[in-house]
Amino acid sequence: MNIFRLFGDLAHLASIFILIHKIQKTRSCRGISFKTQALYALVFVTRYVDLLFRWISLYNFVMKLFFISSSCYILYLMKYRYRPTHDPSIDTFKIEYLLGPSFFLSLIFNYKFELTEILWTFSIYLESVAIFPQLFMLQRTGEAETITTHYLAALGIYRALYIPNWIYRYFSEDVVDPIAVTAGLVQTGLYLDFFYVYFTKVLHGQKFELPA
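Cut-off values and rules
Residues numbered from 1 in each chain as written. Predicted model: local features only at pLDDT ≥ 70, side-chain atom pairs only at ≥ 80, totals over all residues. Heavy atoms only, no water. Axes fitted to C-alpha atoms, helices over the stretch in contact; angles between N-to-C directions. Helix = DSSP H or I, 4+ residues; strand = E, 2+ residues; numbered from the N terminus. Parallel < 35°, antiparallel > 145°, perpendicular 65-115°, else oblique. Left-handed = near helix turned anticlockwise from the far one by under 90°. Contact = heavy atoms within 4.5 Å. Nonpolar A, V, L, I, M, F, W, Y, C, P; charged D, E, K, R; others polar. Salt bridge = Lys/Arg side-chain N within 4 Å of Asp/Glu carboxyl O. Buried < 20%, exposed > 50% of the residue type's maximum accessible area, 1.4 Å probe, protein only. Core = buried A, V, L, I, M, F, W, Y, C linked by side-chain atoms within 4.5 Å. 1 Å grid on protein atoms, 1.4 Å probe; cavity = no way out; pocket = protein on both sides within 12 Å on 5 of 7 lines; lining within 4 Å. Points joined across faces, edges and corners; volume = space filled by probe spheres on them.

## Some words on the packing of helix α7 (residues 146-173) against helix α9 (residues 192-200)
- Between α7 and α9, whose axes approach to 11 Å, the crossing angle comes to 125°. Between α7 and α9, the angle is such that the two are oblique. Taken as a pair, α7 and α9 cross one another with a handedness that is left-handed. In this structure, α7 contributes T149, H150, L152, A153, G156 and I157 to the contact, and α9 contributes F194, F195 and Y198.
- When grouped by side-chain class, the residues that make up the contact of α7 with α9 number six nonpolar, three polar and no charged.

## Re the pattern of salt bridges
- Taken as a whole and judged by the stated rule, the model has eight salt bridges.
- Residues R47 and E127 are paired through a salt bridge, measuring 2.7 Å at the closest nitrogen-oxygen approach. One end of the pair, R47, is in helix α2 (residues 34-47); the other, E127, is in helix α5 (residues 115-129), with 80 residues separating them in the sequence.
- In this structure E127 comes out as buried when scored by relative accessible area, which is 1%.
- With a shortest N-O distance of 3.0 Å, K207 and E143 are connected by a salt bridge. Here K207 is found in the loop between α9 and β2 (208-209), whereas its partner E143 is found in strand β1 (residues 143-144), with 64 residues between them in sequence.

## Quick look at the packing of α2 against helix α3 (residues 58-81)
- Two numbers describe how α2 lies on α3: the axes approach to 9 Å, and their chain directions differ by 155°. In terms of orientation, α2 and α3 fall into the roughly antiparallel class. Remark: the crossing between α2 and α3 carries left-handed chirality. Residues F34, Q37, A38, A41, F44 and V45 of α2 pack against F67, I68, S71, I74, L75, M78 and K79 of α3.
- When its residues are assigned to classes, the contact of α2 with α3 shows 10 nonpolar, two polar and one charged.

## Examining the nonpolar core
- Core analysis: the biggest nonpolar cluster contains 44 residues, and I23, Y40 and F194 have the highest contact counts within it.
- For this core, the secondary structure elements donating two or more residues are α1 (3-26), α2, α3, α5, α6 (132-141), α7 and α9.
- Sorting elements by how many residues they give to this core places α7 first, with seven residues.
- Sequence-distant contacts of Y40, defined by excluding residues within four places in its chain, comprise E127, A130, I131, Y151, L155, Q187 and Y191.

## Notes on the layout of surface pockets
- The computed volume of the largest pocket comes to approximately 990 Å³.
- Those elements that place two or more of their residues in the lining of the largest pocket are α1, α2, α3, α5, α7 and α8 (178-190).
- The element contributing the most residues to the lining of the largest pocket is α7, with seven residues.
- For the lining of the largest pocket, the residue count by class is 15 nonpolar, nine polar and 13 charged.

This is the structure we're talking about:
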């Protein structure tokens, strides 16, 4: 594993720990999109179905298991433990607009027309847009708690670090994954506006507020 993927995975882990810490410390899931978290849970379950029949390494096994279990735990916190703190009236993005196209594309653009490959491809496409409901919430409210922005920043950094990872793999291993690269670039692009506000305001001690 190259250093870019390692740091990308660490950023991904950090984003999850930050989110769980935010919910438990504030005893609230205010400002967090349940729909985005549900989409991420679906991403991990469909992508890591190979846990049932394939062994790659201990690191790979532990990471996959963690992502599935932590995403389900976050859903539990939001759906049951701190349900009164979630406001569905502002978490209104229609996720069928993400699920349908992702599934359709996975049937057409995949590397092999087999169930596990289609599920993997579906998860790649879906992950690239799973953040939409969360960004839609930010757009509606116009602001976010600082710790929530740190969560989103770590999540964006995770994906951004995969860009040099792909470049490294191309030159060192002569490997290119067009599906993952295309979806990853789309996902990274969705964070550009957020990162602009994050770096110009939050990191300077100001409150995260989107321009009117």
